[in-house]
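Next come the chains, spelled out residue by residue.
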Amino acid sequence: MAWKETYSGGSAEAEEIEFRGFADDMLRLQVKQREIAGVTALDRAFHAKSLLAVDNAELHFRPDLPADLVTGFVQPDRKYPAIVRFSNGEGRVDRDDEPDVRGIAVRVKVSDHEEHDFLATNFPVSHARNARQFVRIALAATEPTKAAQAMGLVKLSFQEGPFEVLRMVKNAKQARRKIDSIALESYWSRGALRWGPTLAVRFTISPIEAAPVAGSFANDRDALSKEAAARLAKGPIRFQLSIQRYVDDTKTPIEDTSIAWELASTPNVPVATLTIPQQDITSPEAGEKVRVINAMSFTPWNTTDEFRPLGNLNRSRKMAYHASVALRNTKM
Ligand code: HEM
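The following refers to the structure shown. (Residues numbered from 1 in each chain as written. Predicted model: local features only at pLDDT ≥ 70, side-chain atom pairs only at ≥ 80, totals over all residues. Heavy atoms only, no water.)

## Points about the site of the ligand
Okay, step 1: In the vicinity of the ligand there are 23 residues, among which R44, R85, Y321, S324 and R328 approach most closely.
Okay, step 2: R44 has a polar side-chain atom sitting 2.8 Å from an oxygen atom of the ligand.
Okay, step 3: In the environment of the ligand, a nitrogen atom lies 3.1 Å from a nitrogen or oxygen atom belonging to the side chain of R317.
Okay, step 4: Where the shell around the ligand is concerned, the elements lending two or more residues are β3 (102-111), β4 (114-121) and α7 (312-327).
Okay, step 5: In terms of residue count, the dominant contributor to the shell around the ligand is α7 (seven residues). (Near = heavy atom within 4 Å. Polar contact = N/O pair within 3.5 Å; in protein donor to acceptor, adjacent residues only side chain to side chain. Helix = DSSP H or I, 4+ residues; strand = E, 2+ residues; numbered from the N terminus.)

## Details of the environment of D180
Okay, step 1: Inspection of the secondary structure puts D180 in the loop between α4 (162-175) and β5 (187-188).
Okay, step 2: Spatially, the C-alpha atoms of D180 and A228 are 9.9 Å apart, while their sequence positions differ by 48 residues.
Okay, step 3: The contacts of D180, once residues within four sequence positions are left out, are V213, L224 and E227. (Contact = heavy atoms within 4.5 Å.)

## Overview of the pattern of salt bridges
Opposite charge on two side chains allows them to pair when their charged atoms are near.
Okay, step 1: Applying the stated criterion across every chain, the model contains 32 salt bridges.
Okay, step 2: Salt-bridge contacts for D248 lead to K251; the nearest nitrogen and oxygen are separated by 3.2 Å.
Okay, step 3: Judged by its relative accessible area of 40%, K251 falls in the partly exposed class.
Okay, step 4: The salt bridge involving D305 is made with R308; its shortest N-O contact spans 3.2 Å.
Okay, step 5: A cluster of three or more residues bridged by salt bridges with shared partners is formed by E5, E15, R194, E255, D305, R308 and R315. (Salt bridge = Lys/Arg side-chain N within 4 Å of Asp/Glu carboxyl O. Buried < 20%, exposed > 50% of the residue type's maximum accessible area, 1.4 Å probe, protein only.)

## Thoughts on the pairing of strand β2 (residues 79-88)
Okay, step 1: Counting buried residues along β2, eight of its 10 residues qualify, which places the element largely inside the surrounding structure.
Okay, step 2: Sheet analysis places strand β1 (residues 50-61) next to β2, joined by eight bridges and oriented antiparallel. Looking across to β2, one finds that E58 is bridged to P81.
Okay, step 3: In this sheet, β3 lies alongside β2 in antiparallel orientation, the contact comprising seven bridges. Within β3, the position partnered with A82 by the bridge is V108. (Pairing = 2+ DSSP bridges.)

## Here's the deal with a nonpolar patch on the surface
Okay, step 1: Together, M151, V154 and F158 make up an exposed nonpolar region whose accessible area comes to about 370 Å².
Okay, step 2: Here V154 lies in helix α3 (residues 146-160). (Patch = residues over 30% accessible without salt bridge, like charges linked within 9 Å, V, L, I, M, F, W, Y side chains within 5 Å. Areas by Shrake-Rupley, 256 points an atom, 1.4 Å probe, with all protein chains shown as cover.)

## Quick look at the layout of surface pockets
Okay, step 1: Estimated volume of the second largest pocket: approximately 440 Å³.
Okay, step 2: In terms of lining residues, the second largest pocket is bounded by 22 residues, among which K49, S50, L51, V290 and N294 are the most central.
Okay, step 3: For the lining of the second largest pocket, the secondary-structure elements that each account for two or more residues are β1, α5 (223-234) and α6 (284-294).
Okay, step 4: Sort the elements by how many residues they give to the lining of the second largest pocket and β1 lands first, with four residues.
Okay, step 5: Taken together, the residues of the lining of the second largest pocket sort by class into 10 nonpolar, five polar and seven charged. (1 Å grid on protein atoms, 1.4 Å probe; cavity = no way out; pocket = protein on both sides within 12 Å on 5 of 7 lines; lining within 4 Å. Points joined across faces, edges and corners; volume = space filled by probe spheres on them. Nonpolar A, V, L, I, M, F, W, Y, C, P; charged D, E, K, R; others polar.)

Given below as structure tokens:
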């Protein structure tokens, strides 16, 4: 079956007007976070704290790529330089040993004119079916007190229905976990994207060697970045990039990011290896690179039309990331 997109409000134009409102809501959320944190500089609206950021990674496509996946920059045995940033999901810089979602952003540099960003988080599905749910629950969660957050959820129950709110809260609870190492997690795109002229896929980035945790950093607010540093001092970190193909709208929906694409319906097909080489990331030079990478903006829309993101939640990200970047580091 061929995939298709369905626009909220019936047309791309109607949906874009709705998304403009959501982008404004995200800006309000960013400003609110700044007020709560009592700081004057603004960071990313989400994924503010970097856990590892390097500019010398490599993405190597497999020599035995299935023929239908060979398209554009995806060519057998081709290697590309990549920038990688791991992060905590929160919009404020917090302790690493708290429950949270973790993210990975990979920028694959094909040429001076072509690059592809892959963004993923360490839970297979989004709590939100669509952008509207995503923004509404984010606003409720960013209220400054527990009481205000509870009121926000009550309001949300009227807007989305109590069962939807329960589903989202349960999902968010499962997704926000304490973890031991960013190198031992799998990261899912959650949303779909095009893969060449005909295919739609979701992707997963998962560890290749599941070596034990490198060192003990209990009760350390920077536990995950220190663990990653200790690991990289000893050897490379390697991940596999896999894709799942779209099958049909029931098993592999494009518009609803809360539904998992089950492996029984569409198995993972390994396509590339992402290697972060062994290195010392505690040096002043490495620290300077982290500052440069943190100032960059990764977005799933930094790609070509052949690999563009699909689905309601993904379409809304075009404006939301742009707005977040524009507001970053403005003075109050
Ligand atoms: C499909 C589910 C999603 C995934 C897998 C995802 C993943 C990520 C990741 C990994 C980052 C960190 C990027 C970096 O290191 O710079 C990020 C940042 C961000 N995300 Fe998402 N995200 C998702 C959905 C959304 C949605 C629906 C919105 C809003 C409508 C959103 C808004 C943002 C914003 C504003 C940033 C910060 C952008 C910046 O200032 O650079 N995300 N996301």
